Amino acid sequence: MNDTICAIGTLVGESSINLIRISGNKSIEIVNKIFDKDLTKKESHTITYGFIVDEKEKIDEVLVSVFKSPRSFTTEDIVEINTHGGKAPVKKIMELLLNNGARLAEPGEFLKRAFLNGRIDLIEAESVSDMINAKTESARKMSMKGIDKEISNRINSLREILLSLIANIEVNIDYPEYEDAVIVTKELINEKNIEIKNKIEELIDSSNNGLIVKNGLNVAIVGKPNVGKSSILNSLLGEEKAIVTDIKGTTRDIVEGNILINGIDVYLYDTAGIRETDELVESIGIEKSISKIKESDLVLFVLDSSSNFDYEDKKVLDNIKNKKVLVIYNKIDLGNKKVKELEKYDSLNISAKNKNCVEIIKQKIFEMFNLDDISNSDFTYISNVRQISLLKKCLKISEDIENEIKKDIPIDLMEINIKLLWETLGEITGNVYKEELLDEIFSKFCLGK
Amino acid sequence: MIYMKYDIIVVGGGHAGCEASLASARMGKKTLLITGNIKNIADMPCNPSIGGSAKGIVVREIDALGGEMGYNTDKTLLQIKMLNVKKGPGVRSLRAQGCKVNYPKEMIKTLKNQKNLDVEENFVKELIVEKNEVKGIITEDGKKEESKCVILTTGTYLNSDILCAHESYKGGPHGEKNSMFLSESLKKNGLKIIRLKTGTPPRILKSSINFDEVKIEYGDNEKLSFSNFYEPTYDVENQKPCYLTYTNPETHKIIKENLDKCALYSGMIKGVGPRYCPSIEDKVVKFSDKDRHQIFLEPERSDDIEYYVGGFSTTMPHNIQEKLLHTMDGLKECIITKYGYAIEYDAIDPTELKMNLETKKINGLFTAGQINGTSGYEEAAAQGLMAGINAVLKIDNKSPFILKRNEAYIGVLIDDLINKGITEPYRLLTSRAEFRLLLRHDNAALRLTEYGRSLGLIDDEKYSIYKEKLKKINDLEKYLNNNFFENNMNNNNYLKNKNSSLINGKIKLIELIKRPEIDLQDLLKYLNIKESKEIIDIVETNIKYEGYINKTKSEVNKMLKLEEKQIPEDIDYNKVKNIATEAKQKLSLIRPITIGQASRISGVNPSDITMLLVYLKKEYNNE
């Protein structure tokens with residue numbers, strides 16, 4: 001990690017200004033070689049106006065920012081060059097940097113350095129990476145919370161409760177004659193454990209929202225051929241994306257489009273009608289539809305209100321049984337047939353030809369996923385699979401502690417799971433470090449003879 | 001070959017030095033113990049107690065390996081009790097009040113009677129080192145003594161300063177002559193020296209204490225012993241009690257008014273002191289919300305003249321020390337016999353050491369005890385024993401004797417010192433041992449006596465006592481496994497009395513004992529079976545907590561797998577990609593032998609270990 005890396009931080013060709021970032025112990029020295037002012041004397045966190053030069057030739061008029069170690073994103077010396085837009089100057093400046101000893105950064109390498117140098121914890125690192133990939137405003141807000149340390153703070157506040165409990169138990173054990181420490185009882189452990197368990201449950205519940213904010217909702221529109229799936233998609237998208245004809249099996253591929261409902265990305269997949277067919281192309285489409293259904297968060301099951309629930313409809317139903325389903329009775333202008341077997345699902349009566357159907361469907365999806373909660377909330381969600389699985393492990397340990405409290409077990413043994421819970425929470429933020437415990441013990445209690 | 005009078009020279013006659021020289025001599029090596037003052041051999045310059053939480057288990061371990069501290073304490077103790085009886089089987093530990101006169105007296109006797117061991121009063125000025133190999137020592141009076149190994153156990157005597165009020169003078173504990181030159185000799189040989197500090201409270205005349213005003217604390221009523229082999233001889237009925245009194249707002253006021261007069265707060269002290277032995281000044285300043293602190297009055301000797309004022313370590317001027325003590329109940333007219341002081345001393349950064357306690361830079365030079373940055377008599381004795389054993393093994397070209405973290409507190413102690421280094425004098429705590437459920441008081445002999453035997457430190461007599469106990473344990477376990485508790489009137493009444501649910505038909509005794517409300521000692525009494533409490537405790541713990549013990553053992557196995565993964569000696573950590581900067585520096589400095597050891601170095605995180613494993617697999621095809 002001793003070398004100096006550089007990369008272009010903006011999308012070249014799309015913006016009117018480009019940013020080149022250089023990090024490493026030689027970054028100031030390298031930029032200084034190709035800049036017409038002396039950077040070595042500059043204070044940290046200053047901006048200098050000047051020209052990038054190649055020998056005597058002026059390449060571009062730029063602003064150069066200097067961030068000195070350790071007060072920078074990577075904790076190394078960082079130099080940022082703001083150039084004019086356009087490909088040519090950026091390309092030339094990058095060439096000059098590489099020729100003067102910098103190396104092209106690998107994807108994510110700045111972030112990795114920040115993490116390895118201890119500047120950010122795991123959650124922050126994961127959030128920065130989410131931020132870069134954020135597509136919607138909500139996803140951006142959520143990853144910002146991660147960078148802001150809000151998630152780390154929540155986990156850390158749980159760890160603090162546990163740490164002071166553990167420290168207290170240790171003091172009881174290591175200083176049995178010391179009177180000032182509260183003797184930790186089962187009642188006390190129970191009280192703290194319930195508090196922590198509830199908070200972990202809250203985090204897990206909200207993590208489902210977190211995944212929706214981060215990845216969006218995948219909605220598959222299914223139904224037997226010619227019930228109006230493509231019409232519904234087009235209405236939702238407000239454009240003619242799927243080809244709508246009266247001929248069965250027109251949609252042979254999956255048509256995608258996405259809309260925003262309250263700031264949440266909703267991906268729509270119009271699937272080929274599912275039916276038995278000998279035609280090769282159509283059957284490939286059907287297979288694809290089935291796999292799309294598996295990946296979706298919601299299935300819109302479209303039925304024709306004017307015709308009976310038949311063998312083909314039933315076939316579709318077989319494929320969506322384990323999913324969250326919204327039944328859409330389309331073509332209500334032509335009939336009002338209802339299906340008994342579908343009563344347990346949410347349902348809507350619409351006519352895809354009618355313009356207001358879009359709002360009705362959006363509103364229903366909105367309700368089914370509590371998107372209202374999501375868009376009004378503070379976006380402190382855990383949205384990372386690694387973090388969620390560790391949280392679930394924590395919940396399990398907390399339940400074990402609950403069971404132990406009911407039995408007559410000495411405090412020393414109860415502490416095994418309390419410590420495990422503390423460590424596992426620490427794994428989420430990447431901070432497992434035992435010295436914390438001793439520091440806690442000696443800062444809280446006045447010990448020693 | 002040149003005639004060499006000694007194989008091993010031990011420098012320093014404290015608790016580490018005694019164990020080191022005894023181990024070395026008992027393992028058949030010609031040994032010389034050099035000490036500055038023969039009178040101060042096995043001295044207890046601070047508190048008159050041996051054992052305590054975790055430390056008591058260490059004493060049992062020393063004893064199980066064939067060391068002397070446990071037995072010597074049993075012979076001379078004034079009071080003893082078992083701590084943490086109700087807090088769980090893994091944390092029970094003995095604590096004894098020792099006698100400052102008889103403990104050293106008995107130890108000196110043992111040393112003098114030991115074959116292969118000579119004791120000499122002298123000061124060592126310099127190490128003889130040739131090509132990074134120790135060859136012997138030179139004393140301050142210019143005498144040269146050659147040996148194959150040298151073990152330094154100099155305690156707090158290395159370049160030490162005694163500090164009290166605004167005065168400071170060169171000297172060791174009790175103001176005796178210290179070792180002025182050895183520290184320089186170590187520095188010259190490239191060892192990193194750090195400066196540490198510790199302190200001690202005043203001692204007072206027993207006759208000047210008003211015992212009506214203080215709380216009395218007795219020892220336990222049953223016979224207890226540190227020795228794993230021999231019954232204790234002390235008189236249970238005639239143990240000396242300790243007493244408890246408290247500081248009060250008046251005490252605190254005087255301390256705050258006079259802070260600038262004590263050595264600690266006037267900036268004289270540069271060394272780092274231990275957090276677990278704070279001075280009374282520190283307690284009052286750092287915990288200003290507390291309106292009182294506990295002060296323990298502990299007997300120092302069997303003739304009962306002096307008492308130790310535990311919890312009152314201070315560097316205040318003498319007249320202020322007097323004023324302060326006189327504010328407290330029971331001490332209003334007390335007479336001070338020795339004043340409190342602080343001592344600053346040189347120690348070796350323990351990351352300079354290998355796991356066998358030999359320095360990395362000088363072959364054949366071992367260090368043990370406070371010179372390695374620990375505190376406490378027990379920690380010192382444990383290292384002394386291990387250094388003595390390992391010096392002998394080195395001379396005999398045998399592999400070192402290293403205890404793992406799952407085998408003994410001694411293993412935890414040495415592993416922590418070497419891999420984590422220290423920022424303050426190190427004290428063992430139960431919280432440092434992640435497998436403490438396995439490192440119990442009751443099973444110390446089961447864990448370690450076979451090692452002691454194969455090293456030659458457990459004689460036939462001790463070994464046959466051990467074997468006999470082992471047989472009793474097995475017999476009792478067998479009995480409980482093969483016999484049943486049946487559903488009949490007497491048995492049902494027994495269960496009802498214990499608030500335990502009745503049984504259908506019959507169950508194995510071993511199953512019955514798993515019930516928390518059933519006590520094995522009580523059950524055996526009911527069944528008319530006689531067995532000693534020691535044996536019952538071991539068997540009961542193993543049965544009752546089997547689930548937890550197995551859980552801990554599976555954690556141990558995870559650790560041992562990492563211990564098996566060796567790191568090549570020639571590894572260049574600069575070539576390992578993606579490990580954090582701090583981890584890289586620490587790994588390069590400590591140069592761990594196994595992945596397990598690497599994972600315990602402070603500043604090395606789990607992600608660094610993953611990267612290291614990836615690198616080893618790629619570069620060395622290491623499975």
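The rules behind these values
- Residues numbered from 1 in each chain as written.
- Chains lettered and ligands numbered in written order.
- Predicted model: local features only at pLDDT ≥ 70, side-chain atom pairs only at ≥ 80, totals over all residues.
- Heavy atoms only, no water.
- pLDDT = per-residue confidence, 0-100.
- Helix = DSSP H or I, 4+ residues; strand = E, 2+ residues; numbered from the N terminus.
- Buried < 20%, exposed > 50% of the residue type's maximum accessible area, 1.4 Å probe, protein only.
- Contact = heavy atoms within 4.5 Å.
- Domains from an automatic or database assignment.
- Pairing = 2+ DSSP bridges.
- Right-handed = clockwise from strand over helix to strand, strands pointing away.
- Axes fitted to C-alpha atoms, helices over the stretch in contact; angles between N-to-C directions.
- Parallel < 35°, antiparallel > 145°, perpendicular 65-115°, else oblique.
- Left-handed = near helix turned anticlockwise from the far one by under 90°.
- Nonpolar A, V, L, I, M, F, W, Y, C, P; charged D, E, K, R; others polar.
- Salt bridge = Lys/Arg side-chain N within 4 Å of Asp/Glu carboxyl O.
- Buried area = accessible area lost by both parts, 1.4 Å probe.
- Core = buried A, V, L, I, M, F, W, Y, C linked by side-chain atoms within 4.5 Å.
- Phe/Tyr/Trp six-rings, centres within 6.5 Å; stacked < 30°, edge-to-face > 60°.
- Lys NZ or Arg CZ within 6 Å of the ring centre and 35° of its normal.
- Polar contact = N/O pair within 3.5 Å; in protein donor to acceptor, adjacent residues only side chain to side chain.

1. Section: the confidence of the model for chain B
For step 1, the next point in the chain: Here chain B shows a mean pLDDT of 92. Residues at 70 or above account for 99%.
For step 2, the next point in the chain: If you check the scores for this complex, the pTM reads 0.77 and the ipTM reads 0.83.

2. Quick notes on the environment of Ile295 of chain B
All names here are of chain B.
For step 1, the next point in the chain: Mapped onto the secondary structure, Ile295 falls in strand 17 (residues 294-299).
For step 2, the next point in the chain: By relative accessible area, Ile295 is classed as buried at 0%.
For step 3, the next point in the chain: Once residues within four sequence positions are removed from consideration, Ile295 is found in contact with Tyr243, Leu244, Thr245, Tyr246, Thr247, Ile280, Val309, Gly310, Gly311, Phe312 and Met328.

3. A short note on the domain arrangement of chain B
For step 1, the next point in the chain: According to the domain assignment, chain B contains domain 1 (8-41 + 102-198 + 345-434), domain 2 (203-342), domain 3 (482-548) and domain 4 (565-620).
For step 2, the next point in the chain: Relative to domain 3 of chain B, the C-alpha centre of domain 1 of chain B lies at a distance of 49 Å.

4. Focus: the pairing of strand 2 (residues 31-35) of chain B
All names here are of chain B.
For step 1, the next point in the chain: Summarising burial for strand 2: 5 of the 5 residues are buried, a large majority.
For step 2, the next point in the chain: Going residue by residue along strand 2, you find Thr31, Leu33 and Thr35 tucked away on one face and Leu32 and Ile34 tucked away on the opposite face as well.
For step 3, the next point in the chain: Note: strand 1 (residues 8-11) against strand 2, 4 bridges, orientation parallel. Within strand 2, the position partnered with Val10 by the bridge is Leu33.
For step 4, the next point in the chain: With helix 1 (residues 15-26) bridging strand 1 and its parallel neighbour strand 2, the resulting β-α-β unit is right-handed.
For step 5, the next point in the chain: As defined by bridge partners, strand 2 adjoins strand 6 (residues 117-121) across 5 bridges and the pair is classed as parallel. Counted as the bridge partner of Leu33 is Val119 from strand 6.

5. Focus: the packing of helix 1 of chain B against helix 4 (residues 102-113) of chain B
Residues and elements named next belong to chain B.
For step 1, the next point in the chain: Contact pair helix 1 / helix 4: the axes reach a minimum separation of 11 Å and the direction vectors enclose 25°. Taken together, the axes of helix 1 and helix 4 are roughly parallel relative to one another. Taken as a pair, helix 1 and helix 4 cross one another with a handedness that is left-handed. Residues His15, Cys18, Ser21, Leu22 and Arg26 of helix 1 touch helix 4, and the partners they reach there are Tyr103, Met107, Thr110 and Leu111.
For step 2, the next point in the chain: For the contact of helix 1 with helix 4, the residue count by class is 5 nonpolar, 3 polar and 1 charged.

6. Considering the pattern of salt bridges
All names here are of chain B.
For step 1, the next point in the chain: Counted by the stated rule, this structure contains 67 salt bridges over all chains.
For step 2, the next point in the chain: The closest approach of N and O atoms between Glu106 and Lys109, which form a salt bridge, is 3.2 Å. You can see Glu106 and its partner Lys109 sitting in helix 4, 3 residues apart, about one turn around the helix.
For step 3, the next point in the chain: The salt bridge involving Asp303 is made with Arg301; its shortest N-O contact spans 2.8 Å.
For step 4, the next point in the chain: On the accessibility criterion, Asp303 (40% relative accessible area) is partly exposed.
For step 5, the next point in the chain: The partly exposed category is assigned to Arg301, whose relative accessible area is 22%.
For step 6, the next point in the chain: Three or more residues are tied together by salt bridges with common partners; here these are Arg405, Asp415, Asp416, Lys420, Glu434, Glu563 and Arg600.

7. Topic: the interface of chain A and chain B
For step 1, the next point in the chain: On the side of chain B, 50 residues touch chain A, which itself brings 41 residues to the contact.
For step 2, the next point in the chain: Both sides together, the interface formed by chain A and chain B hides about 3,900 Å², and carbon and sulfur atoms give 52% of it.
For step 3, the next point in the chain: Counting across the chain A and chain B interface gives 6 salt bridges.
For step 4, the next point in the chain: Two residues, Arg95 of chain B and Glu177 of chain A, come together in a salt bridge whose shortest N-O distance is 3.9 Å.
For step 5, the next point in the chain: Put simply, the parts of the chain that give the side of chain A that touches chain B at least two residues each are helix 3 (109-116), helix 6 (150-174), helix 14 (411-429) and helix 15 (435-444) of chain A.
For step 6, the next point in the chain: Looking at the side of chain A that touches chain B element by element, the count peaks at 8 residues for helix 15 of chain A.
For step 7, the next point in the chain: Its residues assigned to classes, the side of chain A that touches chain B shows 20 nonpolar, 5 polar and 16 charged.

8. What to know about the pairing of strand 7 (residues 217-222) of chain A
Residues and elements named next belong to chain A.
For step 1, the next point in the chain: Among the 6 residues in strand 7, 5 count as buried, and that is most of the element.
For step 2, the next point in the chain: The pairing of strand 7 with strand 9 (residues 264-270) spans 5 bridges and is classified as parallel. Within strand 9, the residue paired with Val219 across the bridge is Leu268.
For step 3, the next point in the chain: Relative to strand 10 (residues 298-304), strand 7 runs parallel, the two sharing 4 bridges. In the sheet register, Val219 faces strand 10, and the bridge partner there is Leu298.

9. Comments concerning the nonpolar core
Residues and elements named next belong to chain B.
For step 1, the next point in the chain: Core analysis: the largest hydrophobic core is formed by 76 residues, its most contacted members being Ile389 and Ile410.
For step 2, the next point in the chain: Counting residues per element, this core draws most heavily on helix 9 (residues 377-395), which supplies 11 residues.
For step 3, the next point in the chain: Ile410 has contacts with Val58, Glu61, Ile62, Leu65, Ala382, Met386 and Leu403, leaving out every residue within four places of it along the chain.

10. A word on the packing of aromatic side chains
For step 1, the next point in the chain: For the structure on display, the rule yields 10 aromatic pairs over all chains.
For step 2, the next point in the chain: The interplanar angle of 25° and the centroid separation of 4.3 Å between the aromatic rings of Tyr494 of chain B and Tyr526 of chain B together place this pair among those described as stacked. With Tyr494 of chain B in helix 13 (residues 489-497) and Tyr526 of chain B in helix 15 (residues 520-526), this pair connects stretches of sequence that are 32 residues apart.
For step 3, the next point in the chain: Accessibility expressed as a relative area gives 8% for Tyr494 of chain B, which makes it buried.
For step 4, the next point in the chain: Take Tyr526 of chain B: its relative accessible area is 30%, and that puts it in the partly exposed class.
For step 5, the next point in the chain: Here the guanidinium or amino end of Lys58 of chain A rests over the ring plane of Phe51 of chain A, the centre of that ring lying 4.3 Å away.

11. Here we look at the confidence of the model for chain A
For step 1, the next point in the chain: Of the residues in chain A, 78% have a pLDDT of 70 or more, and the chain-wide mean is 80.
For step 2, the next point in the chain: The model gives residues 242-246 of chain A a pLDDT under 50, and that stretch makes 14 contacts with residues more than four places away or in other chains.

12. Digging into the side chain of Ser183 of chain B
All names here are of chain B.
For step 1, the next point in the chain: Mapped onto the secondary structure, Ser183 falls in helix 5 (residues 182-188).
For step 2, the next point in the chain: Relative accessible area serves as the criterion here: at 2%, Ser183 is assigned to the buried category.
For step 3, the next point in the chain: A distance of 2.6 Å separates polar atoms of two side chains, one belonging to Ser183 and the other to Asp346.
For step 4, the next point in the chain: Leaving out residues up to four positions away in the same chain, Ser183 has contacts with Leu158, Asn159, Ile193 and Asp346.

13. Focus on the sheet that holds strand 8 (residues 133-139) of chain B
Residues and elements named next belong to chain B.
For step 1, the next point in the chain: One open sheet accounts for 3 strands, arranged 7-8-9; its pairing is antiparallel. The open sheet has two free edges, formed respectively by strand 7 (124-130) and strand 9 (144-146), since each of these has just one partner strand. Ignoring which end each strand starts from, the neighbouring axes of this sheet average 30° apart.
For step 2, the next point in the chain: Across 6 bridges, the pairing between strand 7 and strand 8 is antiparallel. Bridging across to strand 8, Leu127 finds its partner in Ile137.

14. Comments concerning helix 3 (residues 69-76) of chain B
All names here are of chain B.
For step 1, the next point in the chain: The buried count for helix 3 comes to 6 of 8 residues, which makes it a mostly enclosed element.
For step 2, the next point in the chain: If you check which residues of helix 3 are buried, you get Met69, Gly70, Asn72, Thr73, Asp74 and Thr76.
For step 3, the next point in the chain: Those residues of helix 3 hidden inside the fold are in contact with helix 1, strand 3 (49-51), helix 2 (55-64), strand 5 (93-97), helix 4 and helix 9.

15. Here we look at the side chain of Asn228 of chain B
For step 1, the next point in the chain: Secondary-structure assignment places Asn228 of chain B in the loop between strand 15 (215-217) and strand 16 (242-246).
For step 2, the next point in the chain: In terms of polar contacts, Asn228 of chain B uses its side chain to reach the backbone carbonyl oxygen of Arg60 of chain B, at 3.0 Å.

16. Quick look at the sheet that holds strand 12 (residues 167-170) of chain B
Residues and elements named next belong to chain B.
For step 1, the next point in the chain: Within the open sheet, the 4 strands sit side by side as 12-11-20-13. Their pairing is antiparallel. This sheet does not close on itself; its edge strands, each paired only once, are strand 12 and strand 13 (193-200). This sheet shows a mean twist of 25° between the axes of neighbouring strands, independent of strand direction.
For step 2, the next point in the chain: With 4 bridges joining them, strand 11 (residues 161-164) and strand 12 adopt antiparallel strand pairing. Residue pairing in the sheet places Ile162 in a bridge with Tyr169 of strand 12.

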